[in-house]
Amino acid sequence: YVRVGNSSRNTHIAGAIHLDAEAVVEQERNICGESGFTDLKPEKRGVTYGEEAKEKVSAVSVELSAAELKQVTHVYSELPRELPHGPACRWEEVVSGKKTMEEFVGGLTDEQLAYLCIGAYKECEDMMEVIGNASISVAGAAGETTQQLKELGTPTLVMADGPAGLRLAKEYYKDEKGIHAIGQSAIPDSFLDFMSKPMIFFMKLFTGGNKGSKEENKIKYQYCTAIPIGTAIAQSFNTELAEMYGDIVGSEMEMFGVHLWLAPALNIHRSIRCGRNFEYFSEDPLISGLMAAAITEGVQKHPGCGTTIKHYAANNKELNRYTNDSQVSERAMREIYTKGFGICVKKAQPHAVMTSYNLLNGTHTAEHKGLIEDILRAEYGYEGIVMTDWVISMMTEKNGIHRNSKARFVAAAGGDLFMPGGKKDYEDLLAGIKAGDVSEKQVKINASRVLKMARKLVIK
């Protein structure tokens, strides 16, 4: 029965749909594993009203035949396609069409492949690789892809955090080493909470920068537009308005040289106590998916600009989210927690997806092939890149019972970028290739996706 009303307890029957037999419309594989519990099935105690029986009899009925319904059966690839080995070539040859992307990737060493799959980092400054301090291209940007392959001419993707518009440093200076944010204004309080007082003191000294004592290093300023928080946008129920906000962000991304915005976030409002509910849209996956899609369409109207929808998936709390294990059934995962992501991907194809910190039934989402390759790529038809959230050693809860996700296992699951990147992550991925924890051909696939996105977004 199709019911219309202003709440679930105040409806009237507007029509009926009759299906002549049970039908399977989509065939999928189980990806969640065992949650350790059985879904609650409450007793049927429907709310009735006086006119309901009469409305059922008089309702206009639409007849459907199960035999005429289309069935979708997904094809899941178990192993990545092999990419050929060959001589090294330059990026210009790919751009000109003389060489294919496969030929370019096939000529890379394991070390070069590993660099492409790990975010850019400074050799001796791992502790400073936090949001707002990781980019050398745009002051206050969250991070970027490697510049270690400059000799081959590969471009670099620059990422800036959200959620309510671009988050960049207000003050910066530039010297021969690059662009430097001044002060800690670009670094979120959530990161500072994990630092000791000596570390914060060191960070203030480190990010103090050149105060403009030299004319060539004088302080420069940049300001970004603030848009409403995700919940407020969703409360408008206006996708055209959401697209306009994305348009604002996209125009500023073009202005500042940012390729990927680490937003919008569309996790479900599962609890009113979640510390980032303001950033998320709703407790409803349909609203969440449509709003994220509209914002994505607004951003991606602009050449060289893309969104990064996050946190994929089942990130339901802020406290201890780095080692929290979300226990979720297959049905709840598909009907609630991943559904909004699927709506956004199918409608708008965001250029990037960010996995979450938490585990899903014992496996890190960033290391979860079922989430990344099976649901996201095979079922939703996702075409972009998948990156981790910012995995930093100092962010691990001291008493957490689970480790952080590791670069080798992220790559093995089809995760393309391990962010923000550090020397230890690079070394872990290399060691994982040698140990057989991740195949070289999988790393080639991941690296090629990063390069394809860079070719699409880095416009010179």
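In this text, all values refer to a predicted model and were calculated from it rather than measured experimentally.

Can you explain the pairing of strand 9 (residues 178–181)? Please cite residues and give values.
In terms of strand pairing, strand 8 (residues 171–175) meets strand 9 through 4 bridges, oriented antiparallel. Opposite Y172, over in strand 9, you have A181 as the bridge partner. As consecutive antiparallel partners, strand 8 and strand 9 are separated by 2 residues.

Give me the lowdown on the sheet that holds strand 13 (residues 325–326), citing residues and values where you can.
The strand order across the open sheet built from 3 strands is 13-15-16, with neighbouring strands paired in mixed fashion. The two strands at the open ends of the sheet, each matched to only one other strand, are strand 13 and strand 16 (363–364). By the bridge criterion, 2 bridges tie strand 13 to strand 15 (residues 359–360) in an arrangement that is parallel. Counterpart to D325 in the pairing with strand 15 is L359.

Requested: an account of the packing of aromatic side chains, with residues and values cited.
The geometry of an aromatic ring pair is captured by two quantities: the separation of the ring centres and the angle between the planes. Evaluation of the coordinates by the stated rule reveals 4 aromatic pairs. When the centroid spacing of 4.2 Å and the interplanar angle of 15 degrees are considered together, the rings of Y115 and Y426 count as stacked. Taken together, the residues Y115 in helix 4 (residues 110–116) and Y426 in helix 14 (residues 423–435) connect sequence positions 311 residues apart. Y426 carries the same exposure label as Y115, and that label is buried.

I'd love a proper account of the side chain of D161, names of residues and values included.
In this fold, D161 is placed in strand 7 (residues 158–161). Residue D161 is classed as buried on the basis of its relative accessible area of 8%. Of the polar contacts made by the side chain of D161, one reaches the side chain of R167; its length is 2.9 Å. Within the structure, D161 has its side chain in polar contact with the side chain of K310 (distance 3.4 Å).

The rules we used
Residues numbered from 1 in each chain as written. Predicted model: local features only at pLDDT ≥ 70, side-chain atom pairs only at ≥ 80, totals over all residues. Heavy atoms only, no water. Pairing = 2+ DSSP bridges. Helix = DSSP H or I, 4+ residues; strand = E, 2+ residues; numbered from the N terminus. Phe/Tyr/Trp six-rings, centres within 6.5 Å; stacked < 30°, edge-to-face > 60°. Buried < 20%, exposed > 50% of the residue type's maximum accessible area, 1.4 Å probe, protein only. Polar contact = N/O pair within 3.5 Å; in protein donor to acceptor, adjacent residues only side chain to side chain.

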